[in-house]
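# Understanding the architecture of this molecule
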Amino acid sequence: MQRISHWVNNKVVVGTSGRTGKVFNPATGEQQAEVDLASVAEVDAVIAKSKAAFPEWRATGMSRRAEIMFRTRELLDANRKELATYLTLEHGKVPSDALGEIARGIENIEFACGIPALMKGGYSEQASGGVDVYSIRQPLGVVAGITPFNFPAMVPMWMFANAIMCGNTFILKPSEKDPSASMFIADLLRQAGLPDGVFNVVHGDKEAVDRLLVHPDIQSVSFVGSTPIAKYVYETGTKNGKRVQALGGAKNHMLVLPDADLDMAADAAVSAAYGSAGERCMAISVVLAVDTIADALIEKLKTRVPNIKVGPGTDPSAEMGPLISREHRDKVASYINNAAGEGATVVINGTDKAKDAGFFLNPSLIDNVKPGMKCYDEEIFGPVLTVMRVKSYAEGLKTINDNQFGNGTAIFTRDGGVARQFQYDVQVGMVGINVPIPVPVSYYSFGGWKASLFGDQHMYGPEGINFFTRGKVVTSRWPDPRTSAVDLGFPTNR
Ligand code: NAD
């Protein structure tokens, strides 16, 4: 059985805790590897190495740091396909989806290559007579990133690219369900010339996470995962004096107005709901259809959904792969099987004819969904598109704003005025106008509102640079013997 171990000081370090986790191939349902799960002592040892590497890395010039990131970008570009095979093998996503994830991750590497410009401060000459004032940004020290199973390459890149370019040393605790991508990326960073200890990977579960959250040498924690764990990470990390950004779950609504191009809306809803088997935090999970077009839209969805080719990522014709685990597949199936009893209409039931081997589930479509039903109130995170019928734009907007989550949303309309009003009123962090998955480009920042984000700094982009640095303002005067005098008054600028 293949064993996946930690990555410390640019080398594989075999775990000593005696605890391992199982890594499955979701397309076959078989275990294909075991991953070391770190003990408290092993986490402490990684933190010590990261701390030791910090002073020299911080002192390394920004041009040199950027040079390493440019090389990392070239290596990632040259190895896209190989990295994608790890995603398909352990996560189950089909190659086109895996390559898309890698492409969006690389955008974050490209952004971080501009670090010399991003770290620029401000300078005010002659704030007072002979006094200049300037602002600088400095790295925090050892920072940690804890990532979910659904983007094993991209989400780590959201975090570590900016973190290390700002001069921090970074510890990644990837999902124990698909840990190989992080090891492959770690080796590319080594090949790019990243010094020992600047990027370390510690595999683990709650024990490792809990240690990172309380260890005094960890300065900040970036987390992406489900809402209950995000809340826990935020509360525990901040209680222990750390800066924390914790991104949680989602329930993304797409509001379709009567003037929308219904074919375009149906194509977008199907792509955004079932891509990656719905295991995306920006997946569309609820279509809000205004009554007058609801039947027509459902008909268009009904004709598209059965055409989705479900299969393993090794089949070039497959468009949608399996779910991550048997337990998760069964949980998603339970939402579908309970929906009719709650009063919803199951138009297409994906639990019918689902393959026995592997963690597959076919796409499901559920109509007449309402708040109060489990399939509406909870994040499903699977290939299930629900439809709620609303009387008007106002009812659709209220439904979105009343929802506990606020990650992404979309409006489909030809009316620019209504779209602008929607962008103004909606209580959601990322908004698409005729765009179903509005993941911001890397030079903006990613983050939701409400139960989708704990903390006040969004991930990557300019807010990522703020998150991974501390500001300092220097007020400076060079001694001039001609103006020197004792003055006990409070210093003023005039
Ligand atoms: P998860 O919360 O189960 O796990 C995320 C990380 O937390 C993993 O590294 C895991 O090892 C760790 N963890 C799990 N349980 C823990 C515990 N009890 N204590 C401490 N650490 C623990 O999430 P997941 O199932 O890997 O990922 C799917 C979830 O992530 C979905 O809810 C999805 O919406 C969310 N997600 C959100 C975003 C976003 O940007 N908002 C992006 C991707 C995924």
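Residues numbered from 1 in each chain as written. Predicted model: local features only at pLDDT ≥ 70, side-chain atom pairs only at ≥ 80, totals over all residues. Heavy atoms only, no water.

## Notes on the packing of aromatic side chains
Our working rule: Classification of ring pairs uses Phe, Tyr and Trp, with its six-membered ring standing for Trp, and accepts pairs whose centres are within 6.5 Å; under 30 degrees between planes counts as stacked, over 60 as edge-to-face, and the remaining range as tilted. Counting from the N terminus, the helices are the DSSP runs of H or I reaching at least four residues and the strands are the DSSP runs of E reaching at least two. When accessible area is computed with a 1.4 Å probe and restricted to protein chains, residues below 20% of their type maximum are described as buried, those above 50% as exposed, and intermediate ones as partly exposed.
Counted according to the given criterion, the structure contains 13 aromatic pairs. Seen from their ring centres, F160 and F199 are 5.0 Å apart, and the 65 degrees between their planes marks the pair as edge-to-face. Residue F160 is found in helix α6 (residues 154-165), and its partner F199 is found in strand β10 (residues 199-201); the two are separated by 39 residues along the sequence. Residue classification places F160 among the buried positions, given a relative accessible area of 0%.

## Brief notes about the layout of surface pockets
Which entries qualify depends on this criterion: Both site types are read off a 1 Å grid over the protein atoms alone. A 1.4 Å probe that fits but cannot get out defines a cavity, while an open set with protein on both sides within 12 Å along at least five of seven lines defines a pocket; lining residues have an atom within 4 Å of a point. Grid points are joined across faces, edges and corners, and a volume is the space filled by probe spheres set on the points. Put simply, Ala, Val, Leu, Ile, Met, Phe, Trp, Tyr, Cys and Pro go in the nonpolar bin, Asp, Glu, Lys and Arg in the charged bin, and everything else, Gly too, in the polar bin.
If you add up the space inside the largest pocket, you get close to 950 Å³. Forming the walls of the largest pocket are 38 residues, and the residues nearest its centre are K177, F223, G225, S226 and I229. Elements represented by at least two residues in the lining of the largest pocket include exactly α6, α8 (206-214), β11 (218-224), α9 (227-239) and α12 (326-339). For the lining of the largest pocket, the per-class residue count stands at 18 nonpolar, eleven polar and nine charged. Looking at the second largest pocket, it is lined by 20 residues, and the ones nearest its centre are S128, G129, V131, R477 and P491. Where the lining of the second largest pocket is concerned, the elements lending two or more residues are β7 (131-139) and β23 (469-477). Split by residue class, the lining of the second largest pocket holds eight nonpolar, nine polar and three charged.

## A look at α9
So the rule is basically this: In a helix, the anticipated span is given by 1.5 Å times the number of residues less one. Whether two residues are in contact is decided by their heavy atoms: any pair within 4.5 Å suffices.
In a regular helix each residue adds 1.5 Å, so 13 residues correspond to 18 Å; α9 covers 18 Å between its end C-alpha atoms and thus fits that length. T227, A230, V233, T236 and G237 are the residues of α9 that are buried. Structurally, α9 contributes buried residues whose contacts are with α8, β11, β12 (243-247), β18 (405-406) and β22 (453-454). A positive backbone phi angle near 80 degrees is found at G241, which sits one or two residues after α9.

## Comments concerning the nonpolar core
Operational definition: Joining through side-chain atoms within 4.5 Å is the link that ties buried Ala, Val, Leu, Ile, Met, Phe, Trp, Tyr and Cys residues into a set, and such a set is a nonpolar core.
Judged by nonpolar contacts, the single largest core of 65 residues is most densely connected at M69, W158, F160, I164, F170 and F199. Ranked by residue count, the leading element in this core is α6, at ten residues. In contact with I164, other than residues within four places in its own chain, are W57, R65, M69, F170, L189, L194 and V198. In this structure, A265, A269, A277 and L323 belong to the second largest nonpolar core, which totals 62 residues.

## Structural notes on empty space enclosed by the protein
With the rule as written, the count across this model stands at four cavities of 30 Å³ or more. Taken as a whole, the largest cavity holds about 100 Å³ of empty space. For the lining of the largest cavity, the residue count by class is eight nonpolar, four polar and three charged.

## Quick word on the sheet that holds strand β6 (residues 123-128)
Rules: Pairing between two strands is assigned when DSSP locates at least 2 bridges connecting them. Axis angles are defined between N-to-C directions and span 0 to 180 degrees, where every axis is a line fitted to C-alpha atoms and, for a helix, only to the segment in contact.
If you trace the three strands from one edge of the open sheet to the other, you get β6-β7-β23, paired in antiparallel fashion. Lying at the two open borders of the sheet, with one neighbouring strand each, are β6 and β23. Direction aside, the axes of adjacent strands within the sheet are offset by 30 degrees on average. Two elements, β6 and β7, share three bridges in a ladder whose sense is antiparallel. Looking at the pairing, Y123 lines up with Y134 of β7.

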